[in-house]
Amino acid sequence: MRVVVALGGNALLRRGEPMTAEAQRANVRKAARALADLACEHRIVVAHGNGPQVGLLALQAAAYGGEVWPLDILGAESVGMIGYLVEQELTNAMPGAALATLLTQIEVDRDDPAFARPTKPIGPLYDTGEAERMRAAHGWPMVEEAPGRWRRVVPSPRPRRITQMPAVRLLVEAGVTVICAGGGGIPVIRQPDGELCGVEAVIDKDHAAGLLARELDADAFLMLTDVDAVYDGWGGPEQRAIHRARPEDLDPARFAAGSMAPKVKAACAFAATPGRIAGIGRLEDARAILEGKAGTRVAALTR
């Protein structure tokens, strides 16, 4: 099977962990082992998130006190960092495999309504006092992810076109394990004269990876994160894990915007084609999710 795997930024730098290079590398090493296990039987293409990482770079840039660097450039920095670690750890876990990391630009619509409604959380969690200070100092919109715990939110436009898709296909067809669409891709718009330029946004990596999976005609699309499944009533007294579902049974509006809702929406879009499988769950359960033994598996009914 051809499997596109999207690694969540929170799976690579877990909530509550120190935002250090050592913690990042240790988590990437775990991810590489799970991916190598999948690659024993399947052809994999790897995408990854960068929410915590790009937020950390933005925070560091703001603390510097000089020019505020735009998110597309900070996104490229974070994607280069994560891609380097993923490729290196995969090389160690898959000796002899051909690997390549591709910095990927993805076109978005300049009129996307997301630019007026920031919803994508990035960066670390703040307590209420810290969040207010960040809001006052930098004008950053904030969202409360848990009682008294806040994160910065930025625009998250829908991906429309992967500019380097021909290169990705060429590498995949040549048997290369490709790491691409990192951080949801670097968001760009096309100017009237045809030139590309970056925009102040972060594309949701699940939507970008779903587009990648459809463009590559993948058999399966896995979104691996730090939660074990999709839940109805998440965080409530009667929360219930959803283990199997058809695309028409899942309404993304039932789930948290900026976190699980994009995953559900991307899963449903991919699995709407009969024969395709989408899965959501923990990084360490990658193989079990693909086999329907863990996580949430989304697939259309076959007749």
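Reading guide: rules and limits
- Residues numbered from 1 in each chain as written.
- Predicted model: local features only at pLDDT ≥ 70, side-chain atom pairs only at ≥ 80, totals over all residues.
- Heavy atoms only, no water.
- Pairing = 2+ DSSP bridges.
- Helix = DSSP H or I, 4+ residues; strand = E, 2+ residues; numbered from the N terminus.
- Axes fitted to C-alpha atoms, helices over the stretch in contact; angles between N-to-C directions.
- Contact = heavy atoms within 4.5 Å.
- 1 Å grid on protein atoms, 1.4 Å probe; cavity = no way out; pocket = protein on both sides within 12 Å on 5 of 7 lines; lining within 4 Å.
- Points joined across faces, edges and corners; volume = space filled by probe spheres on them.
- Nonpolar A, V, L, I, M, F, W, Y, C, P; charged D, E, K, R; others polar.
- Buried < 20%, exposed > 50% of the residue type's maximum accessible area, 1.4 Å probe, protein only.

Caption draft 1: Here's a closer look at the sheet that holds strand 5 (residues 120-127). Pairing within the open sheet is antiparallel, and its three strands lie in the order 5-7-6. Only two strands of the sheet have a single neighbouring strand rather than two, namely strand 5 and strand 6 (142-146). Looking at each pair of strands side by side, their axes are set apart by 35° on average, direction ignored. Against the sheet, helix 5 (residues 128-138) touches strand 5, strand 6 and strand 7 (149-154), its axis set at about 125° to strand 5.

Caption draft 2: Molecular detail of empty space enclosed by the protein. Taken as a whole, this structure holds one cavity of 30 Å³ or more when the rule is applied. Here the largest cavity defines a volume of roughly 60 Å³. If you trace the largest cavity, you find 14 residues lining it, with N50, G75, G183, G185 and P187 closest to the centre. Elements with a contribution of two residues or more to the lining of the largest cavity: helix 4 (71-93) and strand 10 (186-190). It is helix 4 that contributes the most residues to the lining of the largest cavity, five residues altogether. When the residues that make up the lining of the largest cavity are grouped by side-chain class, the tally is eight nonpolar, five polar and one charged.

Caption draft 3: Structural detail: the pairing of strand 5. For strand 5, the buried fraction is high: six of the eight residues fall into the buried class. Here strand 5 pairs with strand 7 via five bridges, running antiparallel. Counted as the bridge partner of D127 is R149 from strand 7.

Shape descriptors only; they carry no functional weight alone.
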